[in-house]
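# What the coordinates show
The lines below spell out each chain.
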Amino acid sequence: MESTSRRNRIFSNFMALGILQGANFLLPVLVMPFVIKRIGADGYGVVAVAQVVMLIFCTITDYGFNLTATRALALHRDAIGKNARLFFTVLAAKMVICTVLFGVLLLLITLIPFFKPHFQLYLFGFTWVIGQSLLVSWFFQGMEKMKYITIYTLLSRLLFVALVFVFIRQRSDYRFFILFMGIGSMVAGIGSIVRAVRFFKLPVVRPLWGDVVHELKEGWPVMLSNISINTFLSINVFILRIFTNDLVAGYYSVAEKIFLASRQIPVMFSQVIYPPLCQLAQKGAASTQGFFRSVYIPFLLLVLLASVLLFGFSPFIISFFLGSEQGNAVLLLRLFCLGPLIVCLHIPASQLLMAFNQKKSYLRVLAQGTIINVICNLLLVQIWGPVGTTITVLFTELFITVGFNRELFKNKLAGFLSARYLKYTTDGHAN
């Protein structure tokens, strides 16, 4: 009965998170055909590079709280006082980080020639960073109540779409694209804070500087890990632009955006199973093994089917976004179809490492993957252009998958994945 209830809760949270992430990723992707017609593929290339910078900033402000704070909530979910202090402490930490990053952005605009012609795009785009910082999805994830912020996110993205269709009319309007994403994110962020305080009856607690510093220290390794993930996912278009031009970067960005949207499916799944996995890990290997058999294996098969369908419909999907002027975007998207499946293969290992607080192992794999990604990209983009960039992304994902599973064995945690490996963990898992 408990297992059935858990599966139902996971399914409910996955569907809620699916709507949330669908609003976050799919709606911006679906407006691309309209935007590209107005600002051109090269103009969209400029916007894509700016989004890379803002995405890295968003990753820094997230600071790994989606794992560290979520884990803490999962372990003391019924302690309202602790939850309230954590809630307001994390919000305060995010605002501190935002302030520092805005100063960094001003320096980038001042010192880097590439940024200066598009300074309005970058300044407007910082609203997206602020909005993402206000969104308390980490809190609802830890409380396994994802459905309560879905409605705010969906409304915010619909607002973004409406603003795009109304105000983006010519090439010079490219500078407003990320601003409209930021306005929507701030609406969702403020709404999620109000909802969390009211629904969970959180008393307003004044954050203590010592608590803020503690959370920053706690999340530091995970933040570096997340930076590594987003660096190898976002820096590719930046490197490609250095060696090619805005048009090639624009074509690649379309295929990459579709890949990143599909990649969110296994990422969402990992976020949903993380809180219950943290609890099951405390009960022993038998609990986690049954959990993976009943929940993970069926999901893996669904991802395989989705990847096959994406491969088959690639020409139709690309033509929807780019029309007859497609470049080699169809080939790029078909190569990217392997990505979601590779990501899905490292979910058990990566989530077990974090459930047992093996942050250093987690960071080590992702840091190595980022270095591999940059080196391979710099080499292959000069030989095969955007195809080389795509191969680099897939190779990096594969390297990370192998790395996480290797760390699982090194930390003697493989027995929590399968009884087959239990004999290798008789000495107990690493602490």
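- Here the chain is described in UniProt, under the heading Subcellular location (unreviewed entry), as follows: "Cell membrane".

## A closer look at the nonpolar core
- Membership of the largest hydrophobic core comes to 132 residues, with the highest contact counts inside it found for M54, F87, Y122, V136, W138, F139 and F177.
- With 16 residues, helix α2 (residues 32–62) is the largest single contributor of residues to this core.
- No fewer than three residues from each of domain 1 (1–243) and domain 2 (245–422) sit in this core.
- When near neighbours in sequence (up to four residues on either side) are disregarded, F139 contacts L73, N83, F87, A196, F200 and L202.

## What to know about the domain arrangement of the chain
- Taken domain by domain, the chain holds domain 1 (1–243) and domain 2 (245–422).
- The straight-line distance from the C-alpha centre of domain 1 to that of domain 2 is 20 Å.
- Every contact between the two is made by 50 residues of domain 1 and, on the other side, 59 residues of domain 2.
- When domain 1 packs against domain 2, the two sides together hide about 4900 Å² of surface, and 72% of this comes from carbon and sulfur.
- Counting the contacts that link domain 1 with domain 2 gives two residue pairs in polar contact (both at pLDDT 80 or more).
- Ranked by residue count, the leading element in the side of domain 1 that touches domain 2 is helix α9 (residues 209–243), at 17 residues.
- Tallied by class, the residues present in the side of domain 1 that touches domain 2 amount to 28 nonpolar, 13 polar and nine charged.

## Details of the UniProt feature "transmembrane region" (unreviewed entry) in the chain
- As annotated by UniProt and renumbered to match this structure, "transmembrane region" (unreviewed entry) occupies residues 12–31, 43–65, 86–115, 121–140, 149–168, 174–197, 299–323 and 329–349.
- Here residues 121–140 runs as 90% helix and 0% strand, with 32 Å between its end C-alpha atoms.

## Thoughts on the packing of aromatic side chains
- In total, this model carries 22 aromatic pairs according to the counting rule given.
- Note on F139 and F140: the rings are 6.1 Å apart at their centroids and 90° apart in plane angle, and the pair reads as edge-to-face. Both residues of the pair, F139 and F140, count as buried.
- Each ring, one from F291 and one from F292, has its centre 5.9 Å from the other, and the planes form 65°; the classification is edge-to-face.
- Judged by its relative accessible area of 5%, F291 falls in the buried class.
- Classification of F292 by relative accessible area gives buried; the value is 3%.

## Some points on helix α8 (residues 177–199)
- The end-to-end C-alpha distance of α8, which contains 23 residues, comes to 33 Å, matching closely the 33 Å that a straight helix rising 1.5 Å per residue would cover.
- Two residues or fewer after α8 comes K201, characterised by a positive phi angle close to 55°.

Conventions adopted
Residues numbered from 1 in each chain as written. Predicted model: local features only at pLDDT ≥ 70, side-chain atom pairs only at ≥ 80, totals over all residues. Heavy atoms only, no water. UniProt positions renumbered as here; feature names shortened; annotations may be inferred. Core = buried A, V, L, I, M, F, W, Y, C linked by side-chain atoms within 4.5 Å. Buried < 20%, exposed > 50% of the residue type's maximum accessible area, 1.4 Å probe, protein only. Helix = DSSP H or I, 4+ residues; strand = E, 2+ residues; numbered from the N terminus. Domains from an automatic or database assignment. Contact = heavy atoms within 4.5 Å. Buried area = accessible area lost by both parts, 1.4 Å probe. Polar contact = N/O pair within 3.5 Å; in protein donor to acceptor, adjacent residues only side chain to side chain. Nonpolar A, V, L, I, M, F, W, Y, C, P; charged D, E, K, R; others polar. Phe/Tyr/Trp six-rings, centres within 6.5 Å; stacked < 30°, edge-to-face > 60°. Expected span 1.5 Å × (residues − 1).

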